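Here's the letter readout for the chains.
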Amino acid sequence: MRHVQRSRAAFLVCLAAWVADGLAEWDLVWNDEFSGTSIDTSQWTHEENCDGGGNQEKQCYTASSDNSFVSNGVLTIKAMPATGQSLPYSSARLISKNKGDWTYGKFEARMKLPFGQGSWPAFWMLPTDNDYGIWPLSGEIDIMEAVNLKVGGERTLHGTLHYGNRWPNNRYSGTTYLLPNDANPADGYHTYAVEWEEGEIRWYVDGAHFQTQKRSTANYDSNGNPVSLKHRGWFHHVNGKPTYADSPFDKKFHLLLNLAVGGSWPENENDKASMPPSSSSPATPTPPSPPFPPRTTVAWQLVWSDEFSGTSIDSDKWTHEVNCDGGGNNEQQCYTMSSNNSWVSNGVLTIKAMPATGQALPYSSARLSSKNNGDWTYGKFEARMKLPSGQGSWPAFWMLPTDNEYGAWPLSGEIDIMEAVNLKAGGEGNIHGTLHYGNPWPHNKYSGSTYLLPHGANPADDFHTYTVEWEEGEIRWYVDGTHYQTQRRSTVAIDGNGNPVGLKHRGWFHEVDGKPTFANSPFDKNFYLLLNFAVGGDWPSNAHDRGIDAAAFANGQFMSIDYVRVYQCPADPATGKGCGTVASLIEGTAPDVLSNAAAQPVFHLLPAFVAALLTVLSWC
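Cut-offs applied
- Residues numbered from 1 in each chain as written.
- Predicted model: local features only at pLDDT ≥ 70, side-chain atom pairs only at ≥ 80, totals over all residues.
- Heavy atoms only, no water.
- Helix = DSSP H or I, 4+ residues; strand = E, 2+ residues; numbered from the N terminus.
- Contact = heavy atoms within 4.5 Å.
- Areas by Shrake-Rupley, 256 points an atom, 1.4 Å probe, with all protein chains shown as cover.
- pLDDT = per-residue confidence, 0-100.
- 1 Å grid on protein atoms, 1.4 Å probe; cavity = no way out; pocket = protein on both sides within 12 Å on 5 of 7 lines; lining within 4 Å.
- Points joined across faces, edges and corners; volume = space filled by probe spheres on them.
- Nonpolar A, V, L, I, M, F, W, Y, C, P; charged D, E, K, R; others polar.
- Disulfide = S-S within 2.5 Å.
- Buried < 20%, exposed > 50% of the residue type's maximum accessible area, 1.4 Å probe, protein only.
- Polar contact = N/O pair within 3.5 Å; in protein donor to acceptor, adjacent residues only side chain to side chain.
- Phe/Tyr/Trp six-rings, centres within 6.5 Å; stacked < 30°, edge-to-face > 60°.
- Lys NZ or Arg CZ within 6 Å of the ring centre and 35° of its normal.
- Pairing = 2+ DSSP bridges.

**Examining the overall build of the protein**
So, step 1. When helices and strands are tallied, the protein shows one helix and 47 strands.
So, step 2. A fraction of 71% describes how many contacts in the protein between residues 6 or more apart in sequence connect residues 24 or more apart.
So, step 3. Accessible area of the protein: about 25500 Å², with a carbon and sulfur share of 48%.

This is the structure in C-alpha cells:
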C-alpha cells in the first residue's frame, strides 16, 4: 500500500465516480482519484462555517490546507484543536454541489476512518435544489457514518435515510454493519457504497450488501381503495399528508465528505465525559442519524468441507452417479466413475467431459453427489471453481432434496447455486442462479437471475467462488462475495377483516392437491449437493451457436473445483437465521393511515433510465 500513516484525527479518502451503460455494468461518469497535489475545485467546494452542523458539533469548517489536503493519492481531512474562532476545533467539509449532482446511480468511496471519542466522519448526500422543501422534506442519504470508533471497542458503521415530516417530527430509517473478524474501520481502508435506483436504495461495505430500503407501497381493495401498507418504507409529506411515491428520493443529490467533532450524537455515546462542554447552539435543527442497534451477525460455522487435499475422491463424502439417462434434458453424456472423467490432484477436483465410444451417448463425464453423506436444511454452501468453455458445455453446482417429501421433481424443489452454458461461445459469460418448484412437470415453475463478472472477466478463465446462503423463507446468491440475487417465499396480503386480498410478495410456492401453498415449503427439508459437467442438452444446444462444438471437446473440457464448503448458523440452526452477510429489507417509518388523495400510486417513466445510473468508485 502506498498510503502513509496519518494522525488519529485524519479522515483518509479515495474517491471516484461511474455511470451504467446497461443493466449489467456500471460506467464511470465522475471520479476523483486524488492524484494531483491539491483539491480539485472543479469537483469540490469547501463549506466554511461555524454552525455546528445543526447538531451542536464543536468544529468550524475551513478551507485551510491544514484541515484538508491531497498527498500521495489520498485526500486527508484533519480535525484538530483551534483558537481564534467560536468553536474549539477546526475541520473540513467538501461538497460536490453544482459540480457533481445526480439522480440515481452507484456512489462509492474507499476510506480509512478516524477514531476517538467525539469523532464523526460521514460520506453522505443531500438534495441539490430542495425541490420538496427544507430538511428533511427533500431527503438525506447517509452512505456511511461512524462515531467514536475504538472507544470501548466501538466499530459500528451506520447507513440511514432521512425523510417525512418537518422537524421535529422528522423520520429516519436505517441499520448498522460490523466488519467481519472484529475488524475496525479505523484500522484500514474499506469501501462504502450505495446503489440508488427508482424506488430502492441498497447499502454495501466492501461489496457485502447489508441493507435495502424501498419506497412505501399500499395494498388496495377490489374497489381501488388503499386498505393498508404493503411495504412500510420511506414517504414524502405534502401539505401535512403522507404521499407514498418515489419522492423525495427522485431528484438530484450531491455528495458530501466531512469530519465533525462532537455533537449531539457522539457526545451522548460511549465515553461521554471526554468531550469539552458545548458553548454553541444549533442554528437549524438537523438531528443526526441515531445509533441503531448494531446488526450483529454470528459467524458461520464450518460443518462439512472437501479441500481435495488427498490423492483420490473421498467416498465418505461423494458418490458417483453412473448412468446414460441424459439428465432428463436430452444431454449427450454418460456419467461414469472412471478416473478418466473425475480425479483429485494437486488440491483440485477435476471433472473432464470428452468424446467416448462403446456407450449409448457420444460423450462421457462425471456427476458427484453428497446424498446421504452430506444433507442439510439451511446453511451456507459454496465452491471455488474454474469452469469449462465451448458450445455445449453445461457445468453445475446445485442441490436436490434428499427424500422428495413433497413429491417428484419439481414439487420438492431444486436449488441451482451456479450454472453456466456455452461459456465463451459468442462472448457468453453469464452465471445463472435458479430455483425450481411449483406445479408438476410440464407445468413446473422456476425463478432466478444471472450475474456477469466485473471488467468483462469470463468464468472459464479463472477460479471464482459461488455461494448461496439459505435460511428459513429466503435464499441469497453470491459470486466472489458479491450478492446478486435474493429469493423469498410467497406471502399473502391480508385486509382488515383477515381476508386474503392478493400476494404481498410473489416468490416461490408449493403445490398441494393442485392448489398453491404459500409457505417455506418446499425449501424447508434436507437437500444434498451435486457437482456435474453435462454436454449438450435442451438448454445449451438451443442457445448461441446451437448444438455441440465437437472441436471444443476434441481434447476434453475441464471443470476444476478447488474446494466445497458447508456452513451452518450457530445462532439459530433450526432456521439458519442470524449469520447472513446480507441484511434483510429495512422497514421505514411511513404512517399507517392512508388517505385516498395521498395514497395514489405514482409511476415515473425514465426514457434515459439506463444512462442515468451512476457510481462513485475508488481505485486507490
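Further notes follow.
**Brief notes about the confidence of the model for the protein**
So, step 1. The pLDDT averaged across the protein works out to 83; a share of 84% of its residues lies at or above 70.
So, step 2. Throughout residues 16-24 the model reports pLDDT below 50, and contacts reaching past four residues in sequence, or to other chains, amount to 53 contacts.
So, step 3. For residues 273-296, every residue scores under 50 in pLDDT, and the model assigns this stretch 71 contacts once sequence neighbours within four places are set aside.

**As for the layout of surface pockets**
So, step 1. In this structure, the second largest pocket spans a volume of roughly 930 Å³.
So, step 2. In terms of lining residues, the second largest pocket is bounded by 33 residues, among which Gly327, Asn329, Trp398, Trp409 and Glu414 are the most central.
So, step 3. Per-element accounting of the lining of the second largest pocket gives the leading share, five residues, to strand 34 (residues 393-401).
So, step 4. Of the residues in the lining of the second largest pocket, the class split is 13 nonpolar, eleven polar and nine charged.

**Some thoughts on empty space enclosed by the protein**
So, step 1. One pass over the full model with this rule turns up one cavity of 30 Å³ or more.
So, step 2. Here the largest cavity is characterised by a volume of approximately 40 Å³.
So, step 3. Taken together, Pro401, Thr402, Asp403, Asn404, Glu405, Tyr406, Ser412, Pro522, Lys525, Asn526 and Phe527 make up the full set of residues lining the largest cavity.
So, step 4. Counted by class, the lining of the largest cavity contains four nonpolar, four polar and three charged residues.

**Focus: the state of the cysteines**
So, step 1. Counting across every chain of the model gives three disulfides.
So, step 2. A disulfide bridge connects cysteine 324 with cysteine 334, and the sulfur atoms are separated by 1.9 Å. One disulfide, between cysteine 324 and cysteine 334, carries an S-S torsion of 115° and so falls in the right-handed class. Here cysteine 324 is found in the loop between strand 26 (319-320) and strand 27 (333-335), whereas its partner cysteine 334 is found in strand 27, with ten residues between them in sequence.
So, step 3. Cysteine 334 sits in the buried class, given a relative accessible area of 2%.
So, step 4. Paired by a disulfide, cysteine 569 and cysteine 579 hold their sulfur atoms 2.1 Å apart. Since a negative S-S torsion denotes a left-handed disulfide, the cysteine 569-cysteine 579 link at about 80° is right-handed.

**Observations concerning the environment of arginine 488**
So, step 1. By the secondary structure assignment, arginine 488 is in strand 40 (residues 482-488).
So, step 2. On the accessibility criterion, arginine 488 (27% relative accessible area) is partly exposed.
So, step 3. The spatial distance from the C-alpha of arginine 488 to the C-alpha of phenylalanine 523 is 10.0 Å, given a sequence separation of 35 residues.
So, step 4. A polar contact of 2.7 Å, which involves the side chain of arginine 488, links it to the side chain of glutamate 474.

**Things to note about the packing of aromatic side chains**
So, step 1. Within the structure shown, the criterion is met by 25 aromatic pairs.
So, step 2. An angle of 80° between the planes, with centres 5.7 Å apart, marks the rings of tyrosine 437 and phenylalanine 509 as edge-to-face. A residue pair is termed long-range when its members are at least 10 positions apart, and tyrosine 437 in strand 36 (residues 431-438) and phenylalanine 509 in the loop between strand 42 (500-505) and strand 43 (510-512) qualify at 72 residues. The same class applies to tyrosine 437 as to phenylalanine 509, namely buried.
So, step 3. One aromatic cluster in this structure is built from Trp30, Trp44, Trp102, Tyr104, Phe107, Trp196, Trp234, Phe249 and Phe253.
So, step 4. Of note, lysine 317 hangs over the ring of tryptophan 304, and the distance from its end group to the ring centre comes to 5.9 Å.
So, step 5. The ring of tyrosine 563 carries arginine 565 above its face, with NZ or CZ at 3.6 Å from the centroid.

**Concerning the side chain of serine 342**
So, step 1. Mapped onto the fold, serine 342 is located in strand 28 (residues 342-345).
So, step 2. Beyond its immediate chain neighbours, meaning those up to four positions away, serine 342 contacts Ile313, His320, Thr350, Ile351, Ala366 and Leu368.

**Some details on the environment of leucine 361**
So, step 1. As for its position among the elements, leucine 361 is in the loop between strand 29 (348-355) and strand 30 (363-365).
So, step 2. Assessed through its relative accessible area of 15%, leucine 361 is described here as buried.
So, step 3. In this structure, the C-alpha to C-alpha distance between leucine 361 and glycine 326, residues 35 residues apart in sequence, is 8.3 Å.
So, step 4. Among all residues touching leucine 361, those that are not within four sequence positions of it are Cys324, Gly326, Glu331, Gln332, Gln333, Cys334 and Ala356.

**Quick look at the sheet that holds strand 8 (residues 80-81)**
So, step 1. Pairing in this open sheet of three strands is mixed, and the strands run 5-9-8 from one edge to the other. Looking at strand neighbours, the two that pair on one side only are strand 5 (59-61) and strand 8, the edges of this open sheet.
So, step 2. Where strand 8 and strand 9 (residues 89-91) come together, two bridges link them in antiparallel fashion. Looking at strand 9, one finds that methionine 80 is bridged to serine 90.

**Here's the deal with unusual backbone geometry**
So, step 1. Between serine 247 and the following residue, proline 248, the backbone shows a cis peptide bond with an omega angle of 10°.
So, step 2. Inspection of the secondary structure puts proline 248 in the loop between strand 23 (241-243) and strand 24 (253-261).
So, step 3. Cis rather than trans, the peptide bond between tryptophan 409 and proline 410 has omega equal to 0°.
So, step 4. Relative to the helices and strands, proline 410 resides in the loop between strand 34 and strand 35 (414-419).
So, step 5. For lysine 424, which is not glycine, the phi dihedral falls at a positive 75°.
So, step 6. For lysine 424, the location among the structural elements is in the loop between strand 35 and strand 36.
So, step 7. Using a relative accessible area of 43% as the deciding quantity, one classes lysine 424 as partly exposed.

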